[in-house]
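The chain contents come next:
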Amino acid sequence: MIVLVGFMGAGKTSVGRPLARRLGRVFVDSDEAIADATGEEIPELFQTMGEPGFRDIEAAQILELLDGPEVVLALGGGALSSAAVREALRGHQVVLLDISLTEALARIGGDAGRPMLARPDLAAIYAQRQDHYRQAASIVVPVDGRHLTRVVKEVLSAVGAADVEE
Ligand code: S3P
């Protein structure tokens, strides 16, 4: 499985869709899968069950997806807070789309669809997540100031090179 991870705004969905197309695979976004499974959008889930409730649903959904058919899978930015998810990612091709907090906020600041953006400790959350992202990733692609097409190309070639080595 090719799995895209990284902070909100890194472009996991925007990169994942064309990447999947080029690889002839289906693209799945964990947030969309959660919304499909629960019939509720992410902000509603945060509101009704709080972040811990959302994280439980998120982890269960991702474990199921990782167990399923080979797709290109984009994970929500906080998905690696689950130890079970981190463990399940081992052995998969995990691509970190590496974005600075400044650029992430410039891209998505004020998006009401992302409840975590309202957190006053967002900078600390960003910092805390970096270790998990980096430990999980087999490929790290910087995205700051770079066009989507260039990022897609770089991921494609990194994934292709990794395939050849296997
Ligand atoms: C979250 C990121 C979101 C979504 C939810 C929580 C986070 O996904 O899962 O709002 O904690 O960083 P994106 O990274 O796709 O925005």
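Structural data are supplied above this passage.
Source: prediction; values computed, not measured.

## With respect to the pattern of salt bridges
According to the stated counting rule, one finds 11 salt bridges in the structure shown. Here arginine 55 and glutamate 58 are joined by a salt bridge, their closest N and O atoms 2.8 Å apart. You can see arginine 55 and its partner glutamate 58 sitting in helix 3 (residues 42–66), three residues apart, about one turn around the helix. The closest approach of N and O atoms between aspartate 98 and arginine 134, which form a salt bridge, is 2.8 Å. Of this pair, aspartate 98 sits in strand 4 (residues 93–98) while arginine 134 is found in helix 6 (residues 122–136), placing the two residues 36 residues apart along the sequence. Among the charged side chains, a salt-bridge network with shared partners connects Glu51, Arg55, Glu58, Arg119 and Asp121.

## Some points on the sheet that holds strand 2 (residues 27–29)
Strand order across the open sheet formed by five strands is 2-3-1-4-5, with parallel pairing between neighbours. The open sheet has two free edges, formed respectively by strand 2 and strand 5 (139–142), since each of these has just one partner strand. Strand-to-strand, the axes of this sheet are offset by a mean angle of 20°, without reference to chain direction. Pairing geometry for strand 2 and strand 3 (residues 72–74), over three bridges, is parallel. The residue bridging aspartate 29 from the neighbouring strand is alanine 74, located in strand 3. Sheet contacts for helix 1 (residues 12–23): strand 1 (2–5), strand 2, strand 3 and strand 4; angle to strand 1, the most-contacted strand, approximately 165°. The strands that helix 6 touches are strand 1, strand 4 and strand 5; relative to strand 4, the one it contacts most, it runs at about 140°.

## So, the packing of aromatic side chains
Under the criterion given, the structure shown has two aromatic pairs. With a centroid separation of 5.0 Å and 80° between ring planes, the pair formed by phenylalanine 7 and tyrosine 126 is classed as edge-to-face. On the criterion of sequence distance, the pair formed by phenylalanine 7 in the loop between strand 1 and helix 1 and tyrosine 126 in helix 6 is long-range, its members being 119 residues apart. For phenylalanine 7, a relative accessible area of 2% puts it in the buried group. On the basis of relative accessibility, which here comes to 14%, the residue tyrosine 126 falls in the buried class. Ring geometry for phenylalanine 46 versus phenylalanine 54: centroids 4.8 Å apart, planes at 35°, classification tilted. One exposure class covers both phenylalanine 46 and phenylalanine 54, and it is buried.

## With respect to the site of the ligand
Lining the immediate environment of the ligand, one finds 15 residues, of which Lys12, Asp31, Arg55, Arg114 and Arg129 sit closest. At 2.7 Å from an oxygen atom of the ligand is found a side-chain nitrogen or oxygen belonging to arginine 114. Arginine 129 is positioned such that a nitrogen or oxygen atom in its side chain is 2.6 Å from an oxygen atom of the ligand. Coverage of the ligand by the protein amounts to 96% of the 390 Å² it exposes when considered alone. The leading source of residues in the shell around the ligand is helix 3, at five residues. The residue makeup of the shell around the ligand, split by class, is six nonpolar, three polar and six charged.

What counts, and where the lines are drawn
Residues numbered from 1 in each chain as written. Predicted model: local features only at pLDDT ≥ 70, side-chain atom pairs only at ≥ 80, totals over all residues. Heavy atoms only, no water. Salt bridge = Lys/Arg side-chain N within 4 Å of Asp/Glu carboxyl O. Helix = DSSP H or I, 4+ residues; strand = E, 2+ residues; numbered from the N terminus. Pairing = 2+ DSSP bridges. Axes fitted to C-alpha atoms, helices over the stretch in contact; angles between N-to-C directions. Contact = heavy atoms within 4.5 Å. Phe/Tyr/Trp six-rings, centres within 6.5 Å; stacked < 30°, edge-to-face > 60°. Buried < 20%, exposed > 50% of the residue type's maximum accessible area, 1.4 Å probe, protein only. Near = heavy atom within 4 Å. Polar contact = N/O pair within 3.5 Å; in protein donor to acceptor, adjacent residues only side chain to side chain. Areas by Shrake-Rupley, 256 points an atom, 1.4 Å probe, with all protein chains shown as cover. Nonpolar A, V, L, I, M, F, W, Y, C, P; charged D, E, K, R; others polar.

Worth remembering: the numbers are spatial, not functional.
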